[in-house]
Every structure is written in structure tokens, then in C-alpha cells.
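# Understanding the architecture of this molecule
Below are the chains, spelled out letter by letter.
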Amino acid sequence: MKKFACRSREKKMRNQRSLLKALLACGGTALLSAALPQFAAAQQLSDLKSSPPLTLKGEGSFFVGGSTHVIDSKYISPSAFSADSGNSMINQMYVQFQIPKDTIDQYPIVFVHGCCLTSKTWETTPDGRMGWYEYFTRKGFKTYMGEQVGRGRSGFDALQYQKVLTGDAPPSTNPAILIATDQFAWNVFRWGDYATKTPYKDERFPMQTVGVGKNATLDFYKQVIPDLNSTLSEAASPTCADGNCTPADPNAPFNTPENMALLANQLDGAILVGHSQSSGFPTMAALRPGSNGVKGIIQLETGCFANLTPANIQVLKNIPILIMVGDHFSTPQPTPACVTMQKQIKDAGGDMTFVALPDLGIHGNSHMFMQDNNNLQVADIIISWIKKHVKYKNHGHGHDGHGHW
């Protein structure tokens, strides 16, 4: 009887996965008639078992892009080192990678984090579970993580602060620093009611890592760092003054998308993934002059452009695009911008899929679903989409851009 019950459950799960695959192949959204398997509540680190061995062909790190500018001796602190005037590097992007021993026939995948965070976004979750960096590698992807220019190990441009310090520039010219607080996180990441510290009833983020529940800690906030985007010397955005330096124009020059395009070219093709603040960066990277390596665009939690030019559409119609959002939005999904962009791409013969996880019967996901307690389930949806929509260079089959296979 026990053996029969196990087989019945396995059959049910296979049927649910087949239904999900059919949905993703259609490039649209629908409500699944059967709810997907639910995952258990997140565990404490002490409850976790060690991950199985991971065999790599290679791993390491490097930088993409970068330029130098001259630092005069009067801008060097402390003054004891003023004789060391010279050049300083800015605008570079730090990249970390893993290549599994057994890779699948698919382009490398490149993850870029959002506001006030670093590549830690994609690594071990705040409560100690496997993150996407490791999971995608285990699934056979050559996996890369880029840190936004001006953030984390990519460094930032400090020259303007030194000019203010020496009196060569007025204090009003100091670039703003976006400092994310716990209230900012609760509101932006859609965890629930900050005032009462009450999460949504179906909230999937490990809330014990932000001070809620038994054995609560504040471990998640250790990932949050000041956002120094507005120090970027080549950022062409009128919003830089408020610390949120992210161009609304997909064609505007911008450091991180420039380096993402360069990386995709160097990899001879890559699937670019952006989240939140960087969600539009894969599209911007594909539109950079000289960009030819973007083979798939995945934009997590917003990022649609309703202001694409006809020339933009001619480029993007040749690149499969996935937009994915979680739960608990106060506004309808997809947004008007995503509706417009999807229609423009599809009318041109392109391939753009919009997925709202609640429409798949998956509820409770936050803005940070790569860290939610079902993060690997969400990753599998993305992997399924990639396998169906991103045509690898060595394959003689795949999506033809018109919804056929």
C-alpha cells in the first residue's frame, strides 16, 4: 500500500510539471487547475544537512570593463600620501563564476543583483539554504554573478566627495547615497506590515532572519549595503541626484549594462538575468552598440520598457524574453508597460513571456523570491523556460520566434 501511494504521488507531481511546461511553452500566463507542490517552512541553519558534493571544472573571478581618471594629490587622503597622485580605476564590474564538470548544452547564465545589495543575493539564503548560484551550477549551467558598477567588489568613484572635502566643490554636489533601512526592505520586498511586524499569512521569505518569530535574527540585513550608483561618472540619468541612478531610457548610456553587454560578447553568448533595480539591465545590454552576445533576457520583478524605438524592437524580437514577478502586489500584474512591451515584441514576431507566480498557483512569494522558502521551485520554472525558449547555438531545434516548435 505504501509503495502504491508513493507511485501515485509521483504520478501527480509529473502531471503538474507537464502542465507547467505546457504553460511556459505558450509564452503567456494562465491559472493552473492544480496547485503545484508546496514546500515546507524555512529551516534554521542548525537543522540543515550538508549539500552533496559539487564537482567543478573551474571557478574564479575577474573584472569586466573599467576606465581610469587622474587623482590630483590634493584629493588624496590622508595627506601623508599626497605624493601618491596618479590614476584611479572606476567603472569596472566584478564577476564571479562556477563551471560544473558536466555542463548542459546551453549558454552561460549571468545574474546581476538589485538595489542596495551585492552578488550575495544569489548565494546561500539568509537562513542557510542553497541559493541560485549553486543551484544553477548543479543543474549544469556555467554560472556567473556580476556586481553592479559602484557596488560591493566593483568599487565606486569617490572623487566628487574629495572635491567637496577640499572645498573645490560645494556640498550640494556630493552624490547622494541611498541607505536602505529595515522599513525600506519591508515595503519594497513586500513582506507585510512593517508597523506591526506582521508578515503576510502566506509569506515565503525567511522572516526569522528579519526579526520575526521564534529564534529570530537580523541576519538578512547584513547583506544590505549603501547604494552608490549616483557616484557613477558615466551615468546619464536625471534621477541621480536622489540616489536612485537608473535610467528610464533603455538606450541611455549606463555603466553596468555596458559591462553586461561586454561580458555576454566575451562569453560568446549568455543569458542575462536582472533583478529589481537591475531588471531592465539585460534589455539595455542587448541594445548597446556592438552588443551581439545577449541570447536570452530574464527580468525579475519589474523592468518592462514602454518606450522602445522601432530599432529597439528589431533587436529584441530576436532574443527570447522572460519577465517574472512574485505575489502581494498592490497593483495589477502585468503592468501597463509590460503589456505594451509584450505586444510590441510579439507583433514583431518575437518571443516574450510574462509569468506572475500566483497565476501558476504559487502564492506568497516576495520581491526576493531567489531567497524565499521555495526558491528552487522558482528556479526550476526559469530553467524550464530557458530550455524551451533559448535556442542554443549548437542545436538544430528550438523556438522559431512565432510560437511554434
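First, a word on what this report is: a plain description of the structure on this page. Only a predicted model underlies this, so the values are computations on that prediction, with no experimental measurement involved.

Quick look at the side chain of glutamate 301 now. Along the chain, glutamate 301 falls in the loop between strand E8 (294-300) and helix H7 (310-316). The exposure class of glutamate 301 is buried, given its relative accessible area of 0%. One polar contact links the side chain of glutamate 301 to the main-chain amide nitrogen of glycine 326, over a distance of 2.6 Å. For glutamate 301, the side chain forms a polar contact with the side chain of histidine 367, separated by 2.6 Å. The contacts of glutamate 301, once residues within four sequence positions are left out, are Arg190, His275, Ser276, Ser279, Met324, Val325, Gly326, Phe329, Ser366, His367 and Phe369.

What follows deals with the environment of histidine 367. Here histidine 367 shows up in the loop between strand E10 (352-356) and helix H9 (375-389). As for histidine 367 and tryptophan 186, which are separated by 181 residues in sequence, their C-alpha atoms are 9.8 Å apart. Those residues in contact with histidine 367, other than ones at most four positions away along the chain, are Val188, Phe189, Arg190, His275, Ser276 and Glu301. Within the local environment of histidine 367, its side chain forms a polar contact with the side chain of serine 276, the two groups lying 2.7 Å apart.

Attention now moves to the nonpolar core. Formed by 45 residues in total, the largest nonpolar core has its most connected members in Trp132 and Trp191. Among the secondary structure elements, those contributing two or more residues to this core are strand E3 (109-112), helix H2 (132-138), helix H4 (182-189), strand E7 (270-275), E8, strand E9 (321-325) and H9. Looking at this core, the element that brings in the most residues is H9, giving seven residues. In this structure tryptophan 191 touches Ala185, Trp186, Thr198, Pro199, Tyr200, Glu203, Phe205, Met207, Val210, Phe220, Tyr221 and Ser366, once residues within four positions along its chain are discounted. Judged by nonpolar contacts, the second largest core, of 40 residues, contains Tyr144, Ala261, Ile319 and Met341.

Quick look at the pairing of E7 now. The buried count for E7 comes to six of six residues, which makes it a mostly enclosed element. A two-sided burial pattern is seen for E7, the buried positions comprising Ala270, Leu272 and Gly274 on one face and Ile271, Val273 and His275 on the other. Pairing between E3 and E7: four bridges, direction parallel. Considered in E7, the bridge of valine 110 is made with leucine 272. Here E7 pairs with E8 via six bridges, running parallel. Across the sheet, the residue bridging to glycine 274 is glutamine 299, located in E8. Between the parallel elements E7 and E8, the chain passes through helix H6 (residues 281-286) in a crossover that is right-handed.

Tallied over the full model, the rule gives ten salt bridges. Its salt-bridge partner being glutamate 134, residue arginine 138 comes within 2.8 Å of it at the nearest N-O pair. With arginine 138 and glutamate 134 both in helix H2, this residue pair falls four residues apart, about one helical turn. Residue classification places arginine 138 among the partly exposed residues on the basis of a relative accessible area of 27%. The salt bridge involving lysine 393 is made with aspartate 268; its shortest N-O contact spans 3.0 Å. Here the residue lysine 393 occupies a position in the segment after H9, and aspartate 268 occupies one in the loop between helix H5 (255-266) and E7, the gap between them amounting to 125 residues. Overall, the relative accessible area of 44% leaves lysine 393 in the partly exposed class.

So, on to the sheet that holds E3. Reading across the sheet, the eight strands line up as E1-E2-E4-E3-E7-E8-E9-E10 and stay open at both edges, with mixed pairing between neighbours. Across the chains shown, the open sheet's two edge strands, defined by having one partner strand only, are strand E1 (56-71) and E10. Within the sheet, the average angular offset between the axes of one strand and its neighbour, ignoring direction, is 20 degrees. Relative to strand E4 (residues 143-146), strand E2 (residues 86-100) runs antiparallel, the two sharing four bridges. Looking across to E4, one finds that glutamine 98 is bridged to threonine 143. Strand contacts of helix H8 (residues 336-347): E9 and E10, with the helix running at about 150 degrees to E10, the strand carrying the most contacts. Against the sheet, H9 contacts E3, E7, E8, E9 and E10, and its axis sits at roughly 165 degrees relative to E9.

The rules behind the values
Residues numbered from 1 in each chain as written. Predicted model: local features only at pLDDT ≥ 70, side-chain atom pairs only at ≥ 80, totals over all residues. Heavy atoms only, no water. Helix = DSSP H or I, 4+ residues; strand = E, 2+ residues; numbered from the N terminus. Buried < 20%, exposed > 50% of the residue type's maximum accessible area, 1.4 Å probe, protein only. Polar contact = N/O pair within 3.5 Å; in protein donor to acceptor, adjacent residues only side chain to side chain. Contact = heavy atoms within 4.5 Å. Core = buried A, V, L, I, M, F, W, Y, C linked by side-chain atoms within 4.5 Å. Pairing = 2+ DSSP bridges. Right-handed = clockwise from strand over helix to strand, strands pointing away. Salt bridge = Lys/Arg side-chain N within 4 Å of Asp/Glu carboxyl O. Axes fitted to C-alpha atoms, helices over the stretch in contact; angles between N-to-C directions.

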